[in-house]
Amino acid sequence: MKRSVDELTRQLLDSYHRVGGINHVDGKNLPPKVVVAQMTQAVLRLLFPGFFCEQVIHSAELELETTALMATVHRVLEGEINKSLEYLPPDGANESDLAPLATQITAHVLGRLPYVRDPLRADTEAAYAGDPAALSKEEVIVSYPFIEAVAVQRVAHELYLQGVALVPRLMTEWAHSRTGIDIHPGAQIGTHFFIDHGTGTVIGESSTIGDHVKMYQGVGLVARSLAGGQQLRGTKRHPTIGDRVTIYANATIVGGNTVIGSGSTIGANVFLMDSVPSNSLVVYEPRGMRLISKSRPEDVLDYQI
Amino acid sequence: MKRSVDELTRQLLDSYHRVGGINHVDGKNLPPKVVVAQMTQAVLRLLFPGFFCEQVIHSAELELETTALMATVHRVLEGEINKSLEYLPPDGANESDLAPLATQITAHVLGRLPYVRDPLRADTEAAYAGDPAALSKEEVIVSYPFIEAVAVQRVAHELYLQGVALVPRLMTEWAHSRTGIDIHPGAQIGTHFFIDHGTGTVIGESSTIGDHVKMYQGVGLVARSLAGGQQLRGTKRHPTIGDRVTIYANATIVGGNTVIGSGSTIGANVFLMDSVPSNSLVVYEPRGMRLISKSRPEDVLDYQI
Amino acid sequence: MKRSVDELTRQLLDSYHRVGGINHVDGKNLPPKVVVAQMTQAVLRLLFPGFFCEQVIHSAELELETTALMATVHRVLEGEINKSLEYLPPDGANESDLAPLATQITAHVLGRLPYVRDPLRADTEAAYAGDPAALSKEEVIVSYPFIEAVAVQRVAHELYLQGVALVPRLMTEWAHSRTGIDIHPGAQIGTHFFIDHGTGTVIGESSTIGDHVKMYQGVGLVARSLAGGQQLRGTKRHPTIGDRVTIYANATIVGGNTVIGSGSTIGANVFLMDSVPSNSLVVYEPRGMRLISKSRPEDVLDYQI
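Residues numbered from 1 in each chain as written. Chains lettered and ligands numbered in written order. Predicted model: local features only at pLDDT ≥ 70, side-chain atom pairs only at ≥ 80, totals over all residues. Heavy atoms only, no water.

S.K.: What am I meant to see in the relation of the copies chain A and chain C here?
M.R.: Here two copies of a chain appear, and what relates them is a rotation about an axis with a shift along it. For the match of chain A to chain C, the screw axis carries a shift of 0.0 Å, the RMSD comes to 0.0 Å, and the turn is 120°. Expressed as an axis order, the relation between the two copies is that of a three-fold axis. The residues that chain A uses at the interface reappear at the interface of chain C in only 14% of cases, marking distinct surfaces. (Least-squares fit on C-alpha atoms with pLDDT ≥ 70 in both. Contact = heavy atoms within 4.5 Å.)

Now the structure itself:
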């Protein structure tokens, strides 16, 4: 086996030299997935004290435990922001600016945690009020995947606003992997947001979402056409959703100029490429569907394009 | 950094005092996600002996290993049921009733495991018989995500029937996170059930599903309207599916009065809000679709609402 | 509790004797999920050196580290292939043939890694070029779930071509669990492939996909009818996709004779059962949809079959 391993290794090393672009040797240190994952879990514990621990937290210990957790999160986040800034420095920054900038961004973002808790409380209330299957707000927090997804996104959004690369995306992709809900750190989301079930729901980078919006699994707020590729970076490519909008399962809404007016309802499986006014209801025509009795097999064979 | 951490911690502690509803300090002990996850994996090993272990189990060791595993599951489950009962006691129960009740429910639910194995064998057979990609029933058990999802749901359903809060939902959400399949503990599911691929499939709390039902990824059995919110708790809000029904990918079926008659087939991406008789085939009309040649770009630009 | 555990264990052991088919006692050793998962992560590190480590790899250490990792992967893969061959031996093989055959297949498949890196580089470039949200190719590799899914599938496909059972499927199901993307090891995929978001996307065993194909979340390349069940094994049951095809979110394409001509675009939520010529655009008719103002509630109540 030793000869085989040596030979196979040599061939692979040759490929490392030959095939560029997917190696990262002697490169800048990248934030590692696993470290960002652990840090993100600690951030969830800071946001929802006592909910993601194995033991009850008592008020007597709360200050001590929070200080220790905050110190850990601060140290790790500062280190990973530093790596991200070295990897993709802001325009005009000198190398000596980066470490102080990382410290400053870390303090700013962690200082936002108290303000992130306000919409998260509202989200929890919206989920409880809107889902008859929810027994209590505690059940929502400990067992609804969307809470994890939206809490992580709201913190990642703060990093995104500070121009930090990689770390916010690694945070939301961690949540995506666990929940099936893919919200880009760039999306702007109002309060009292709720995604029920959530698997397969995608909210693109330049989406804007109002207050009291409810979505289901498989909903996509996506870009219209990506033929422009990298040239479209930074443009508004994803829809704008008003207040009190409900979007049912597997509906796809496309494009940066698409505005869903407040109070509207988008039916399940609808594919929408243009704006609709406030208080609209968009559904497929029932007559677009065909109901066939299998007792007439000649009809059954007929449902083809 | 110390000063920064202290200041950030103080601000967050202030928010803990100010923002209620998403703190759990000095509260009742809640079943922790991670403990329920480990217990659920042990339950899978009890249901499918030898399939989820690193080594072959020999019949000589089977009794010893099963006894040890059962003792662990019994102890952990009893503890978590106890927490759930303290968190949400049954109507009229005294505090002193809860520990004996937890013991009784634990014994009842673990006593149901042998009976849960019957439909699971049938589910495995249905998956093998129905999927030409399956090489063997062993492959189905070790590699098909739906097996994990349906096995966990069938046990969680037993806890649900005993009125236990939190624990059954944490069990099915653990499976949801791993498989993308979200089956509420309340759903009633017949034998020979099979969900192929499964990512994004949602089966709501009051769904009823007959025997020999096959589903694909992205299928939703969901509630019609949730404007009623918490007032609808306990009502029949999700569809009833007859026997020998097939529901293709991304179909959404809505509402508590919706009955899909036995022997029916629901096409992919269909959105259905009303009942259909037995032996129906429901598909979108081919003429609802438009086939355009890109060599006529004026047509391409035309596909908007 | 001891009496209860003993009694519950006895009942379960009875069920092990009574209910066959879902026990694996004294059976052939099956490849365990957790071992295949760890090995698959190591394979990802071999394919993308330096990207999935906590520390930067320096060129001075590259040979040493790659040799050690290759030796581990070789040893584990050979062992698991051996189990798979014992479980499902090739036609006409003697038991004494299996160990040498496992060694030979291991060397062959690991010898393919350098060649798998070529399409993976192209996939990374396609993702970066096609997604304005991507800041860099490094971001694509470390944070896009599809990279994990397609890299694992391309290696699993090499095992599939050698007739190895179980191991390739366990590899792709590991990726499915983490990414929501379910690509069967049998699928043939061209270069410059990209799946954005990806949750719920399913690519069946006999799918054939050309070069420069882009897909979104919830896309299904699935089999037409599975009434034939196991009799259809080995037949072409899944679609053929030409070059430069884009398939938007939640589109479902069905059947082994279905060919999507090169240069075509399939709209979101489309359900397609027949072939379309090159350069086609397939969308639902806008007039299949209905836009209703909620200010006329009599219309709102009307959207039923």
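S.K.: Whenever I open this one, the relation of the copies chain B and chain A confuses me. Can you help?
M.R.: By a simple turn and slide, chain B fits onto chain A: the slide is 0.0 Å along the axis, the RMSD is 0.0 Å, and the turn is 120°. A different interface surface on each copy is seen, since only 14% of the contact residues of chain B are contact residues in chain A too.

S.K.: Where do I start with the packing of aromatic side chains in this structure?
M.R.: For any pair of aromatic rings, the description rests on two quantities: the centre-to-centre distance and the angle between the ring planes. Per the counting criterion, the structure on display carries 12 aromatic pairs over all chains. On the numbers, 5.9 Å between centres and 75° between planes, the contact of C:Phe48 with C:Phe52 is edge-to-face. Classification of C:Phe52 as partly exposed rests on a relative accessible area of 23%. An aromatic cluster is present here, built from A:Tyr144, A:Phe146 and A:Phe194 joined pairwise through their rings. (Phe/Tyr/Trp six-rings, centres within 6.5 Å; stacked < 30°, edge-to-face > 60°. Buried < 20%, exposed > 50% of the residue type's maximum accessible area, 1.4 Å probe, protein only.)

S.K.: Looking at this structure, I do not really get the side chain of B:His24. What am I missing?
M.R.: With respect to the element layout, B:His24 can be found in the loop between helix H1 (2-18) and helix H2 (33-47). A polar contact of 2.5 Å, which involves the side chain of B:His24, links it to the backbone oxygen of B:Lys28. When residues no more than four places from it in sequence are discounted, the contact partners of B:His24 are A:Pro49, A:Gly50, A:Phe51, A:Ile57, A:Glu138 and B:Leu30. (Helix = DSSP H or I, 4+ residues; strand = E, 2+ residues; numbered from the N terminus. Polar contact = N/O pair within 3.5 Å; in protein donor to acceptor, adjacent residues only side chain to side chain.)

S.K.: Looking at this structure, how should I read the packing of helix H7 (residues 145-161) of chain B against helix H8 (residues 167-179) of chain B?
M.R.: Each pair of packed helices can be described by the angle between their axes along with the distance between the axes. Residues and elements named next belong to chain B. For the pair H7 and H8, the least separation of the axes is 8 Å and the interaxial angle reads 175°. The pairing of H7 with H8 is recorded here as roughly antiparallel in orientation. Across the interface between the two elements, Pro-145, Glu-148, Ala-149, Val-152, Gln-153, Val-155, Ala-156, Leu-159 and Tyr-160 of H7 pack against Val-167, Pro-168, Met-171, Thr-172, Trp-174, Ala-175, Arg-178 and Thr-179 of H8. Residues of the contact of H7 with H8, tallied by class, amount to 12 nonpolar, three polar and two charged. (Axes fitted to C-alpha atoms, helices over the stretch in contact; angles between N-to-C directions. Parallel < 35°, antiparallel > 145°, perpendicular 65-115°, else oblique. Nonpolar A, V, L, I, M, F, W, Y, C, P; charged D, E, K, R; others polar.)

S.K.: Help me understand unusual backbone geometry in this model?
M.R.: Residues apart from glycine generally show negative phi values, whereas peptide bonds are mostly found in trans. The phi torsion at A:Asn250 lies on the positive side, around 65°, for a residue other than glycine. Looking at A:Asn250, the relative accessible area reads 4%, which means it is buried. Even without a glycine there, the phi angle at B:Asp26 is positive, about 60°. In this structure, B:Asp26 sits in the loop between H1 and H2.

S.K.: Would you mind showing me how to read the pairing of strand S14 (residues 280-284) of chain A here?
M.R.: Residue and element names in this part refer to chain A. With five of five residues buried, S14 is to be regarded as a mostly interior element. Residues Ser-280, Val-282 and Tyr-284 point to one face of S14 and Leu-281 and Val-283 to the other, with burial holding for every one of them. Bridging between strand S12 (residues 265-266) and S14 involves two bridges; their strand directions are parallel. If you follow Ile-266 over to S14, its bridge partner there is Val-282. (Pairing = 2+ DSSP bridges.)

S.K.: Would you mind going over the interface of chain B and chain A with me for this structure?
M.R.: With 77 residues of chain B at the interface, the matching set in chain A holds 80 residues. Together chain B and chain A conceal approximately 6800 Å² of surface at their shared face, both sides included; 61% is due to carbon and sulfur atoms. Across the chain B-chain A interface, the total number found is two salt bridges. For the salt bridge of A:Glu148 with B:Lys33, the shortest nitrogen-to-oxygen distance reads 3.1 Å. Remark: the boundary between chain B and chain A carries 20 residue pairs in polar contact (both at pLDDT 80 or more). Elements with a contribution of two residues or more to the side of chain B that touches chain A: H1, H2, H8, strand S7 (220-222), strand S13 (271-272) and strand S14 (280-284) of chain B. (Buried area = accessible area lost by both parts, 1.4 Å probe. Salt bridge = Lys/Arg side-chain N within 4 Å of Asp/Glu carboxyl O.)

S.K.: Can you help me understand the domain arrangement of chain A in this one?
M.R.: One frequently used descriptor of interface size is the decrease in accessible area upon assembly of the parts. All names here are of chain A. By domain assignment, chain A separates into domain 1 (28-180) and domain 2 (187-305). The C-alpha centroid of domain 2 is placed 28 Å from the C-alpha centroid of domain 1. Listed as interface residues are 18 residues of domain 1 and, on the opposing side, 17 residues of domain 2. Of the roughly 1200 Å² buried between domain 1 and domain 2, counting both surfaces, carbon and sulfur atoms make up 53%. (Domains from an automatic or database assignment.)

S.K.: What is the right way to look at the sheet that holds strand S1 (residues 182-183) of chain C in this model?
M.R.: Residue and element names in this part refer to chain C. Strands sit in the order S1-S4-S7-S10-S13 across an open sheet of five strands; the sheet is parallel. Each edge of the open sheet is held by one strand with a lone partner, namely S1 and strand S13 (271-272). As paired strands, strand S4 (residues 202-203) and strand S7 (residues 220-222) are joined by two bridges and run parallel to one another. Bridge pairing in S7 places Val-202 opposite Gly-220.

S.K.: Would you mind going over the pattern of salt bridges with me for this structure?
M.R.: A side chain with one charge may pair with a side chain of the opposite charge, provided their charged atoms come close. All chains considered together, the criterion is met by 30 salt bridges over all chains. Here A:Arg178 makes a salt bridge to A:Glu148, at a shortest N to O gap of 2.6 Å. Of this pair, A:Arg178 sits in helix H8 (residues 167-179) while A:Glu148 sits in helix H7 (residues 145-161), and the two are 30 residues apart along the sequence. B:Asp14 is paired through a salt bridge with B:Arg10; the nearest N and O atoms lie 3.0 Å apart. Taken together, the residues span about one helical turn, with B:Asp14 and B:Arg10 both in helix H1 at a distance of four residues. Since its relative accessible area comes to 39%, B:Asp14 is described here as partly exposed.

S.K.: Even after reading the chapter, I still don't get the interface of chain A and chain C, so can you show me in this structure?
M.R.: With 77 residues of chain A at the contact, the number on the chain C side is 79 residues. When chain A packs against chain C, the two sides together hide about 6900 Å² of surface, and 61% of this comes from carbon and sulfur. Taken together, the connections running from chain A to chain C amount to two salt bridges. Summed over the shared surface of chain A and chain C, the number is 20 residue pairs in polar contact (both at pLDDT 80 or more). Looking at the side of chain A that touches chain C, the elements with two or more residues in it are helix H1 (2-18), helix H2 (33-47), H8, strand S7 (220-222), strand S13 (271-272) and S14 of chain A. Among the elements that make up the side of chain A that touches chain C, the one with the highest residue count is H1(A) (11 residues). Taken together, the residues that form the side of chain A that touches chain C break down as 34 nonpolar, 30 polar and 13 charged.

S.K.: Whenever I open this one, the sheet that holds strand S5 (residues 208-209) of chain C confuses me. Can you help?
M.R.: Hydrogen bonds along the backbone pair up the strands of a sheet, which may run parallel or antiparallel. Residue and element names in this part refer to chain C. In space, the four strands of this open sheet follow the order S2-S5-S8-S11, with parallel pairing throughout. Edge positions in the open sheet fall to strand S2 (188-189) and strand S11 (259-260), since each of these has one partner strand only. Pairing of S5 with strand S8 (residues 240-241), which is carried by two bridges, proceeds in the parallel orientation. Looking at S8, one finds that Ile-209 is bridged to Ile-241.

S.K.: Sorry if this is basic, but what is going on with the environment of A:Pro49 here?
M.R.: Examined against the element boundaries, A:Pro49 turns out to sit in the loop between H2 and helix H3 (59-87). In this structure, A:Pro49 is in contact with A:Leu62, A:Arg117, B:Tyr16, B:Ile22, B:Asn23, B:His24 and B:Val25, ignoring residues within four places of it in sequence.

S.K.: Please explain the packing of helix H5 (residues 113-130) of chain A against H7(A) as it appears in this structure.
M.R.: Residue and element names in this part refer to chain A. Their axes nearest at 10 Å, the elements H5 and H7 cross at an angle of 155°. One element, H5, and the other, H7, form an angle in the roughly antiparallel class. Seen from above, H5 lies across H7 with right-handed handedness. Residue-level inspection shows Leu-113, Val-116, Pro-119, Leu-120, Asp-123, Thr-124 and Ala-127 of H5 in contact with H7, the latter providing Phe-146, Ile-147, Val-150, Ala-151, Arg-154, Val-155 and Glu-158. (Left-handed = near helix turned anticlockwise from the far one by under 90°.)

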